[in-house]
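Working through the structure, step by step
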Amino acid sequence: MAQVIGVRFKQVGKVYYFDPDGIPLQKEDHVIVETARGVECGEVAMEIRQVSDESIVKPLKKVIRKATKDDLAQVRKNREKQISAAKICNEKIAAHQLEMKLVDVEYTFDNSKILFYFTADGRVDFRELVKDLASVFRTRIELRQIGVRDEAKMLGGLGICGRPFCCATFLGEFQPVSIKMAKEQNLSLNPVKISGTCGRLMCCLKYEQEAYEDLLRSTPKTGALVQTPDGKGKVTEVNLLTGLLKVRLDANLDAPARVYPKEEVHLLRDGRIKVEKKEMDALKEIME
C-alpha cells in the first residue's frame, strides 16, 4: 500500500497520484508538483489515502510544496499570457497558410514550455510554425493535435439536452461508446439524434447502458422464438422499460402481432441484437 493524494490540473481533468511527502493537505488546496511536462500547479481533488501498489505508476513523484500566494499569482499571470499567445499563434497560422484550428493554449507553471492545442482534418506539417513561435516566445514550444471530443471538453457549451457538456463539467475521462449501445437501448440510429455537438456518439449513451444490459438478460430480444399463452410465436418488437413484447403467432402469421408482458412468455430460442453493415457504414462518421 502507498499513501497518495490525487491532483487535477484542469477543472474537469484526469486525477494523478502524488506522494504528499508528509505535507498536510486538504481537498481544493493547490500544490506545486513535478510532472512529465515540467513543474505544474494543480488542485487537490482527492485527499490523502492509502491505495494499492498496483494502482500507481512508479516512481511516485512527491509534492514539492503547498502553493503560496505568489504561486497562485503566477498561475493567474500565465492565464493572462495565454490570451496574447493564442492571438500571436493564430496570426502565424494564417501567415503560414496552415489548415488547422487553434483550440487552446497552456503555459506550464514555470514557463519552461508553451502548449498549443489544435484540430485539423489530417496531418499538418507545422515545423516552420514551431520555429516561428519559438523565435517569438523564446521557450520550448509544443503543438498537440487533438480530436473533436477533446475540443468540446476544452471549449465547453450546451448539449442537445440544454445542459452544459458532460465532458466539460464532470467527466474526467472519456468512456468508450458504441453504436451497439444505441441499438440495445432501442434508439433511432439517426446520426442527428445519437451524436453530440462534437459530432461523435453522445457520452450519455453510456450512463444507462448497465441498466439496459440487466433488462436484456431477463427480456427476450427481437427475433426470439417464445411460447405464449396462445401458442408459439416470434418477437417482433420489445419495450425494455415496460417489459412488453409484441409477438407474431405462428398459428396466424397474417394476423397483427399480439402484446404480452415478458412474465407471460417462455423463451425457447433467443434473438440477437446486432448492427448491420449498412448501418455501420452510414454511421461511420460519428464513430471514433
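Scroll up to find the structure this text is about.
A few points on the structure. (Residues numbered from 1 in each chain as written. Predicted model: local features only at pLDDT ≥ 70, side-chain atom pairs only at ≥ 80, totals over all residues. Heavy atoms only, no water.)

1. A short note on the overall build of the protein chain
Tallying secondary structure elements over the protein chain gives eight helices and 13 strands in all. Along the three orthogonal principal directions, the C-alpha set of the protein chain runs to about 80 × 50 × 30 Å. Within the span of the protein chain, comprising 288 residues, buried residues form 35% of the whole. If you take every contact in the protein chain between residues at least 6 apart in sequence, the share linking residues at least 24 apart comes to 59%. (Helix = DSSP H or I, 4+ residues; strand = E, 2+ residues; numbered from the N terminus. Buried < 20%, exposed > 50% of the residue type's maximum accessible area, 1.4 Å probe, protein only. Contact = heavy atoms within 4.5 Å.)

2. Observations concerning the side chain of lysine 262
Considering the arrangement of structural elements, one finds lysine 262 in the loop between strand E12 (258–261) and strand E13 (266–269). Among the polar contacts listed, one links the side chain of lysine 262 to the side chain of serine 218, at a separation of 3.2 Å. Among all residues touching lysine 262, those that are not within four sequence positions of it are Leu215, Ser218, Thr219, Gly243 and Leu245. (Polar contact = N/O pair within 3.5 Å; in protein donor to acceptor, adjacent residues only side chain to side chain.)

3. What to know about helix H3 (residues 148–155)
Taken together, the buried positions of H3 are occupied by Arg149, Glu151, Ala152 and Lys153. Buried positions along H3 lie against strand E6 (101–107), strand E7 (113–119) and helix H4 (166–169). Trailing H3 by a residue or two, glycine 156 shows a phi angle of about 75°, which is positive.

4. Things to note about unusual backbone geometry
The backbone of aspartate 21 shows a phi angle near 55°, a positive value even though the residue is not glycine. Even without glycine at this site, arginine 138 takes up a positive phi of about 55°. Along the polypeptide, arginine 138 turns up in the loop between helix H2 (127–137) and strand E8 (140–145). Residue arginine 138 is classed as exposed on the basis of its relative accessible area of 72%.

5. Side note on the nonpolar core
Core analysis: the biggest nonpolar cluster contains 18 residues, and Met100, Phe116, Leu133, Phe137 and Leu143 have the highest contact counts within it. The element best represented in this core is helix H1 (residues 69–95), accounting for four residues. Non-local contacts of phenylalanine 116, meaning those with residues more than four positions away in its chain, are made with Ala85, Cys89, Leu102, Asp104, Val105, Leu133, Phe137, Ile141, Glu142, Leu143 and Arg144. Tyr212, Ala224, Val238 and Leu249 belong to the second-largest nonpolar core, a separate cluster that totals 12 residues. (Core = buried A, V, L, I, M, F, W, Y, C linked by side-chain atoms within 4.5 Å.)

6. Quick word on the sheet that holds strand E11 (residues 244–249)
The strand order across the open sheet built from five strands is E12-E11-E10-E9-E13, with neighbouring strands paired in antiparallel fashion. Looking at strand neighbours, the two that pair on one side only are E12 and E13, the edges of this open sheet. Averaged over neighbouring strand pairs, the angle between their axes works out to 45° when direction is ignored. As defined by bridge partners, strand E10 (residues 231–239) adjoins E11 across six bridges and the pair is classed as antiparallel. Paired with glycine 233 across the two strands is leucine 249, which belongs to E11. (Pairing = 2+ DSSP bridges. Axes fitted to C-alpha atoms, helices over the stretch in contact; angles between N-to-C directions.)

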